[in-house]
Amino acid sequence: MGRKRYKDQILLQILQLCAEEGSASKTQIVYGAGLNFRTVIPYLELVTRNRLVEIQEGKVPRYKTTAKGKKALGYMRELRNMIPEPQVPAD
């Protein structure tokens, strides 16, 4: 079984996915962040409600990281670099 990820790690992955190619579909986010279609919904609602990501309407809606989201992404990356994840010994 894999290790538990924290909310900030998932949000970081979502913001990265939405910034990489300019935008990402819900399917790309689900597979890229290792989520499922039910669990991705609250995360997408959170990032859109806080204007970190905007929805680009179309046949297939796409999610694009906003300027505010890119700034948050930079802060999150800095924090991740300053505080590395603890090494958990293998059983």
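As the structure is a computational prediction, the values presented were derived from the model and not from experiment.

Rules used in this analysis
- Residues numbered from 1 in each chain as written.
- Predicted model: local features only at pLDDT ≥ 70, side-chain atom pairs only at ≥ 80, totals over all residues.
- Heavy atoms only, no water.
- Helix = DSSP H or I, 4+ residues; strand = E, 2+ residues; numbered from the N terminus.
- Buried < 20%, exposed > 50% of the residue type's maximum accessible area, 1.4 Å probe, protein only.
- Contact = heavy atoms within 4.5 Å.

S.K.: Explain the environment of Gln56 to me, please; I cannot follow it from the model alone.
M.R.: Note on placement: Gln56 falls in strand 2 (residues 53-56). Under the relative-accessibility criterion, Gln56 is labelled partly exposed at 30%. In contact with Gln56, other than residues within four places in its own chain, are Ser23, Pro61, Arg62 and Lys64.

S.K.: Explanation requested: unusual backbone geometry in the structure shown.
M.R.: A negative phi angle characterises most non-glycine residues, just as the trans form characterises most peptide bonds. One non-glycine residue, Arg51, adopts positive backbone phi at about 60°. Summarising the element assignment, Arg51 is placed in the loop between helix 3 (40-49) and strand 2.

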